[in-house]
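Secondary and tertiary structure notes
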Amino acid sequence: MSSNIAVSISADVTGLTAKLAVAKADLSATTAELRNLAAQMREAGSSASDNLKTGLAQAAASASSAQSSVSRLRGELAKARGPLDDLSCRRQSARLFQVC
């Protein structure tokens, strides 16, 4: 007598996915601000005001921070999904006799 047993394993990554979406939006906004200030700086040349220089430096720091957040969240998602992908691959390999 044989029986088929199905096991479902999942990870709830919706929270991380939502945080990643927000981080990507932040990165997009800070990058746009950085491009805008860089264009103003290019136009002003050597006559750029200290406020513009400070704003550009702050925008660059914000963009760097946002990029770090995106990278960190992508890493966390990969860690969360990794074991599931591995299990899925093993199950598929056992069933199809192929290596993932």
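The coordinates are above.
These numbers were taken from a predicted model, which means no experiment stands behind them. (Residues numbered from 1 in each chain as written. Predicted model: local features only at pLDDT ≥ 70, side-chain atom pairs only at ≥ 80, totals over all residues. Heavy atoms only, no water.)

**Details of the overall build of the protein**
The following threshold applies: Helix and strand definitions follow DSSP, with helices as H or I runs of at least four residues and strands as E runs of at least two, each counted in order from the N terminus. Each residue is placed in one exposure class: buried if its accessible area under a 1.4 Å probe, protein chains only, is under 20% of its type's maximum, exposed if it is over 50%, and partly exposed if it falls in between. All accessibility values rest on the Shrake-Rupley procedure with a 1.4 Å probe; residue burial counts only the protein chains present in the view.
The helix and strand tally for the protein stands at two helices and zero strands. Taking all 100 residues of the protein together, the buried fraction comes to 19%. Of the accessible surface of the protein, which amounts to about 7500 Å², a share of 54% is contributed by carbon and sulfur atoms.

**Quick notes on the nonpolar core**
For clarity, the threshold we go by: By nonpolar core is meant a set of buried Ala, Val, Leu, Ile, Met, Phe, Trp, Tyr and Cys residues that side-chain atoms within 4.5 Å join together. Whether two residues touch is decided by their heavy atoms; if any such pair falls within 4.5 Å, the residues are in contact.
Grouped together as the largest cluster of nonpolar side chains are nine residues: Val 13, Leu 16, Leu 20, Ala 23, Leu 27, Ala 66, Val 70, Leu 73 and Leu 77. If you list the elements that add at least two residues to this core, you get α1 (14-44) and α2 (50-96). Apart from residues lying up to four places away in sequence, Leu 27 is in contact with Ala 63, Ala 66, Gln 67 and Val 70. If you look at the next biggest cluster of nonpolar residues, it comprises five residues, including Leu 37, Leu 52, Leu 56 and Ala 59.

**Regarding α1**
Put simply, the test is: Each residue after the first adds 1.5 Å to the expected span of a helix.
If you check α1, its first and last C-alpha atoms are 45 Å apart, about what 31 residues at 1.5 Å a residue would give, namely 45 Å. Positive backbone phi, approximately 60°, marks Gly 45, located one or two places after α1.

**Quick word on the pattern of salt bridges**
Note the cut-off: Any Lys or Arg side-chain nitrogen found within 4 Å of a carboxyl oxygen on Asp or Glu counts as a salt bridge.
Within the structure shown, the criterion is met by one salt bridge. The residue Glu 76 makes a salt bridge to Arg 72 at a minimum N-O spacing of 2.8 Å. Residue Glu 76 and its partner Arg 72 are both found in helix α2; the two are separated by four residues, about one turn of the helix.

**Here's the deal with the environment of Ala 23**
By the element assignment, Ala 23 lies in helix α1. Look at Ala 23 and you get buried, because its relative accessible area is 8%.

**What about the side chain of Thr 30?**
Threshold: We define a polar contact as two N or O atoms separated by no more than 3.5 Å, with the added condition that, inside protein, one atom must be a possible hydrogen donor and the other a possible acceptor, whereas residues neighbouring each other in sequence contribute only through side-chain atom pairs.
Position of Thr 30 relative to the elements: it lies in helix α1. Owing to a relative accessible area of 15%, Thr 30 belongs among the buried residues under this scheme. Within the structure, Thr 30 has its side chain in polar contact with the backbone oxygen of Leu 27 (distance 3.1 Å).

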